[in-house]
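Understanding the architecture of this molecule
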Amino acid sequence: MHLNIFVSQKCFLYCKGCYSFSRIEKCGQFISTKTLVSFLKFAYNKGINKVTLCGGDPLTRKDIIELLKQIKSIGYLISLDTVGTSIIKSIKNNGEVIAEKTPAKEIAQLVDNIGIPIDGSTSEIFKLFRQSNSDLLSEQLKICEELHKYGANICINTVAHKGNLCDVYNLSSLIKKLDYIQKWQIFQYAPLGKYGILNREMFEITENEFNNYKSKVLKVLKDNDKIQFKDFKERNKAYMLIDNSGNAWIPVYDEKLFSDKNIKIEERKLIGNINNVDDWEKICNCLRKEDDRK
Ligand code: SF4
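Residues numbered from 1 in each chain as written. Predicted model: local features only at pLDDT ≥ 70, side-chain atom pairs only at ≥ 80, totals over all residues.

Helix and strand counts for the protein chain stand at 11 helices and 12 strands. For a compact globule of 294 residues, the expected C-alpha radius of gyration is about 19 Å, and the protein chain comes in at 18 Å, within 12% of that figure. Per-residue burial for the protein chain yields a buried fraction of 37% across its 294 residues. Of the contacts formed within the protein chain by residues at least 6 apart in sequence, a portion of 76% connects residues at least 24 apart. (Helix = DSSP H or I, 4+ residues; strand = E, 2+ residues; numbered from the N terminus. Rg over C-alpha atoms; globule rule 2.2 N^0.38 Å. Buried ≥ 20, exposed ≤ 12 C-beta atoms within 10 Å, placed from the backbone. Contact = placed C-beta atoms within 7 Å.)

Before going further, it helps to spend a moment on the pairing of strand β3 (residues 77–81). Note: strand β2 (residues 50–54) against β3, 4 bridges, orientation parallel. In the strand pairing of β3, Val 51 is matched with Ile 78. Handedness of the β2-helix α2 (residues 64–74)-β3 crossover: right-handed. Where β3 lies against strand β6 (residues 113–117), 3 bridges are found, and the strand directions are parallel. By the bridge assignment, Asp 81 is partnered in β6 with Gly 115. (Pairing = 2+ DSSP bridges. Right-handed = clockwise from strand over helix to strand, strands pointing away.)

In the contact formed by helix α6 (residues 168–177) and helix α9 (residues 207–221), the axes pass within 9 Å of each other and the chain directions differ by 40°. In terms of orientation, α6 lies oblique with respect to α9. Remark: the crossing between α6 and α9 carries right-handed chirality. Side by side, α6 and α9 meet where Val 168, Tyr 169, Ser 172, Ser 173 and Lys 176 of the first sit next to Tyr 213, Lys 216, Val 217, Val 220 and Leu 221 of the second. Each residue belonging to the contact of α6 with α9 can be placed in one class, and the counts come to 6 nonpolar, 2 polar and 2 charged. (Axes fitted to C-alpha atoms, helices over the stretch in contact; angles between N-to-C directions. Parallel < 35°, antiparallel > 145°, perpendicular 65-115°, else oblique. Left-handed = near helix turned anticlockwise from the far one by under 90°. Nonpolar A, V, L, I, M, F, W, Y, C, P; charged D, E, K, R; others polar.)

With that settled, the discussion passes to the site of the ligand. Close to the ligand lie Cys 11, Leu 13, Tyr 14, Cys 15, Cys 18, Tyr 19, Ser 20, Gly 55, Gly 56, Asp 57, Val 83 and Arg 130. Of the residues contributing to the shell around the ligand, the split by class is 7 nonpolar, 3 polar and 2 charged. (Near = placed C-beta within 6 Å.)

This is the structure we're talking about:
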């Protein structure tokens, strides 16, 4: 089972379909570097060697470079899911700097796989899901080029949703031109997190629509082993999340739970909390399971 850790609650995009569960947590929550690193050392000794850092946007965490250095020195293969904006500029929100410019070189050296979102072949299509006043597409392409300069392994993450289905050929042609990227992951929109559930009618697509999207992508990028399609079902119970409160839990995509807009993590498959050392063993036992769906 894959381990995903929220290392920041902050994000500056306010996506209409934000699928991050961090939005249901109390504002300002975050796990301390000391606790996180101690837990990860313990987990590494129990055979866990891969971790994905997400959020919010992980690059809004003030000590992100230090945290990455410490996790890397334990021996982990690190994936980082970020919008990436701070790689090309510092980010301000209401006059306050919420992310200083992050050195692309260090990120490229410390992270094994950097996930950058691109959801449309134009900024207009991109903004159907994400919210920003910037020319988002140009920014994302600049971020990729900057990371590529330092030899980073870049993975483009695309959410296929109701608004961008018609863009599939143009987007596939654009991605095809980025021949330096390592991977293109395409996710079927999932009604996850507070806003993902609230706005599901704007974005949700059926399995058939996703399969259709898939075949159109493959028409442009034929047998390309860089492409991975992730449908909603496949992600069910497939990973463990450690949220900003330290809760380790497995998102269970059960329609009954998602129909309730006031999600409570306690109702999910809560394994333990990493702030409690006594829970570490059972969290690791659960992580070691290949597949919890059986
Ligand atoms: S979906 Fe990701 S990028 Fe968008 S607001 Fe949520 S955390 Fe930020």
